[in-house]
Amino acid sequence: MKTVTFASGVGVPALGQGTWNMGEDRARKADEVRALQLGLDLGMTVIDTAEMYGEGGAEEVVGAALAGRRSEAFLVSKVYPHNASFDGVREACERSLRRLRVESIDLYLLHWQGHHPLAETFDGFEALKQAGKIRDYGVSNLDLPSMEEAVGYGAPATDQVLYNLLKRGIEFDLLPWCRARGMPVMAYSPLESSGREQAALLGHPALRTLADAHKATPAQIALAWVLHQDGVLAIAKAVDPVHLRANRAAADIVLTSDDLAALDRAFPPPRRARALDMR
């Protein structure tokens, strides 16, 4: 599988697992745990979660999935903006560590920017890093002006943003800026999240045509397109084993220059700066 490398030198697979909506129904926990473990078996070792997901429930699912397998995973979690003061970020991280049943988090992100100054949040992250509670830190849902501010206060490892064929706005400014600095971008909702927008994406004739040509599904082509982008790590969520295996197979699809051109015609890249898309 293709890999992406952080500035620290750590390389990870370009396709990871998301946990949005996990941990909200106890009756589904066993299936969610098995799904994450199957993903690890398939080589999707990046697991992305957050204290917001299920108000800690998703972190508990991840903790159960990693029992005896912590060394196999690259673990990402996020702190609520209202918890992102110097003391708050450290307290939130301790709570996440307990739910995750781990001693450290590989990559800890500010979920989005709130009222606490980035400088204060990053000071909290640095303290956590020095204490061995996290190995690296970054941000999520920050646009280019905010990223330019952020790098003045610290060294974020990544920006996790909404990115897919329908939401290509970051290609105009944010993505080139990150690439120039060797900073991988983490793409959430690579297949969209709302039912209406996902239907618009996966039902597009151009995507269906390419899917037929590659003997794949439209979702696999859409995911393969995100994975094709340089310096981008896609976070895809799945619980059904068939869905999980389909996601993994998408990482092996090779899109040709003609395929990419057809997708550009169907889903045009941005020609001007746009407001950052967020879920």
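Each chain carries its own residue numbering, running from 1 in the written order of its sequence. Under the rules for a predicted model, residues below a pLDDT of 70 receive no local features and side-chain atom pairs below 80 are neither given nor counted, while totals for whole chains, interfaces and linings still include all residues. Note that water and hydrogens are dropped before the side-chain values are worked out from all heavy atoms of the structure.

A. Structural view of the sheet that holds strand 9 (residues 185-188). At least two bridges found by DSSP between two strands is the condition for calling them paired. The way it works is that DSSP assigns letters per residue, a run of H or I at least four long becomes a helix, a run of E at least two long becomes a strand, and they are numbered from the N terminus. If you trace the eight strands once around the closed barrel, you get 3-4-5-6-7-8-9-10, paired in parallel fashion. In this sheet, neighbouring strand axes are inclined to one another by 30° on average, regardless of whether the strands run parallel or antiparallel. In this structure, strand 5 (residues 74-79) lies alongside strand 6 (residues 107-110), joined through four bridges in parallel fashion. Its bridge partner lying in strand 6, Ser77 is registered against Tyr108. In this analysis an axis means a line fitted to C-alpha atoms, helices contributing only their contacting stretch, and an angle means the value between N-to-C directions, from 0 to 180 degrees.

B. Just the packing of aromatic side chains, in detail. Pairing of aromatic rings covers Phe, Tyr and the six-membered ring of Trp, with a centre-to-centre limit of 6.5 Å; geometry is then stacked below 30 degrees between planes, edge-to-face above 60, and tilted otherwise. All told, the structure shown has eight aromatic pairs when counted by the stated rule. Ring geometry for Tyr80 against Trp112: centres 6.4 Å apart, planes inclined by 85°, an arrangement best described as edge-to-face. Within this pair, whereas Tyr80 is found in the loop between strand 5 and helix 3 (86-100), its partner Trp112 is found in the loop between strand 6 and helix 4 (118-130), the two being separated by 32 residues in sequence. Centroid distance Tyr108 to Phe125: 5.6 Å. Interplanar angle 65°. Geometry classified as edge-to-face.

C. View of the nonpolar core. Within the largest apolar cluster, 91 residues are counted, with the highest numbers of intra-cluster contacts made by Tyr108, Phe125, Ile221 and Leu263. It is helix 9 (residues 218-228) that contributes the most residues to this core, seven residues altogether. Contact between two residues is taken to exist if any of their heavy atoms lie within 4.5 Å; hydrogens are not considered. Those residues in contact with Leu263, other than ones at most four positions away along the chain, are Leu165, Arg168, Leu207, Leu210, Ile221, Trp225 and Leu255. Grouping buried Ala, Val, Leu, Ile, Met, Phe, Trp, Tyr and Cys residues that are joined through side-chain atoms within 4.5 Å yields what is termed a nonpolar core. A 1.4 Å probe rolled over the protein chains alone gives each residue an accessible area, and that area as a share of the maximum for its type sets the label: buried under 20%, exposed over 50%, partly exposed in between.

D. Seen up close, helix 10 (residues 241-250). All of the buried residues in helix 10 are Leu244, Asn247, Arg248 and Ala250. Burial along helix 10 is one-sided: seen end-on, the buried residues are contained in an arc of 155°. Packed against the buried residues of helix 10 are strand 3 (15-18), helix 1 (29-41), helix 9 and strand 10 (232-236). Here a polar contact is taken to be a pair of N or O atoms separated by no more than 3.5 Å, where protein atoms must pair a possible hydrogen donor with a possible acceptor and residues adjacent in sequence count only if both atoms sit in side chains. Its side-chain oxygen placed 2.7 Å from the backbone nitrogen of Val242, Asp240 serves as the N-cap of helix 10. Working note: the arc is built from the helix axis to C-beta atom directions.

E. Structural detail: the pattern of salt bridges. Any carboxyl oxygen of Asp or Glu that lies within 4 Å of a side-chain nitrogen of Lys or Arg is treated as forming a salt bridge with it. One pass over the structure, following the stated rule, counts 15 salt bridges. The shortest N-O distance in the salt bridge between Arg34 and Asp31 comes to 2.5 Å. Taken together, the positions of Arg34 and Asp31, both in helix 1 and three residues apart, correspond to about one turn of that helix. A salt bridge links Arg69 to Asp41; the shortest N-O distance between them is 2.7 Å. One end of the pair, Arg69, is in the loop between helix 2 (57-65) and strand 5; the other, Asp41, is in helix 1, and 28 residues separate them in sequence. You can call Arg69 buried: its relative accessible area is 16%. A relative accessible area of 54% places Asp41 in the exposed class.

F. Focus on the environment of Arg179. Summarising the element assignment, Arg179 is placed in helix 6 (residues 174-180). Residues Arg179 and Asp230 lie 51 residues apart in sequence; the distance between their C-alpha atoms is 7.9 Å. In terms of polar contacts, Arg179 uses its side chain to reach the backbone carbonyl oxygen of Asp230, at 2.9 Å.

G. Examining helix 3 more closely. By definition here, a helix of n residues has an expected span of 1.5 Å times n minus one. If you check helix 3, its first and last C-alpha atoms are 22 Å apart, about what 15 residues at 1.5 Å a residue would give, namely 21 Å. Of the surrounding elements, those touching the buried residues of helix 3 are helix 2, strand 5, strand 6 and helix 4. Positive phi appears at Arg101, one or two residues downstream of helix 3, with a value of about 60°.

H. Representation of the pairing of strand 7 (residues 137-140). Neither face of strand 7 is exposed, since Tyr137 and Val139 on one face and Gly138 and Ser140 on the opposite face are all buried. Examined bridge by bridge, strand 6 and strand 7 share three bridges and lie parallel to one another. If you follow Tyr108 over to strand 7, its bridge partner there is Tyr137. Here is how to tell: hold the view so the strands point away, follow the path from the first strand over the helix to the second, and if it runs clockwise the crossover is right-handed. Since strand 6 and strand 7 lie parallel, the crossover through helix 4 that links them has a hand, and here it is right-handed.

I. Molecular detail of unusual backbone geometry. Backbone geometry at Glu55 places phi at a positive 50°, although glycine is not the residue there. With respect to the helices and strands, Glu55 occurs in the loop between strand 4 (46-48) and helix 2. Relative accessible area serves as the criterion here: at 59%, Glu55 is assigned to the exposed category. Residues other than glycine seldom take positive phi values, yet Lys215 does so here, at roughly 55°.

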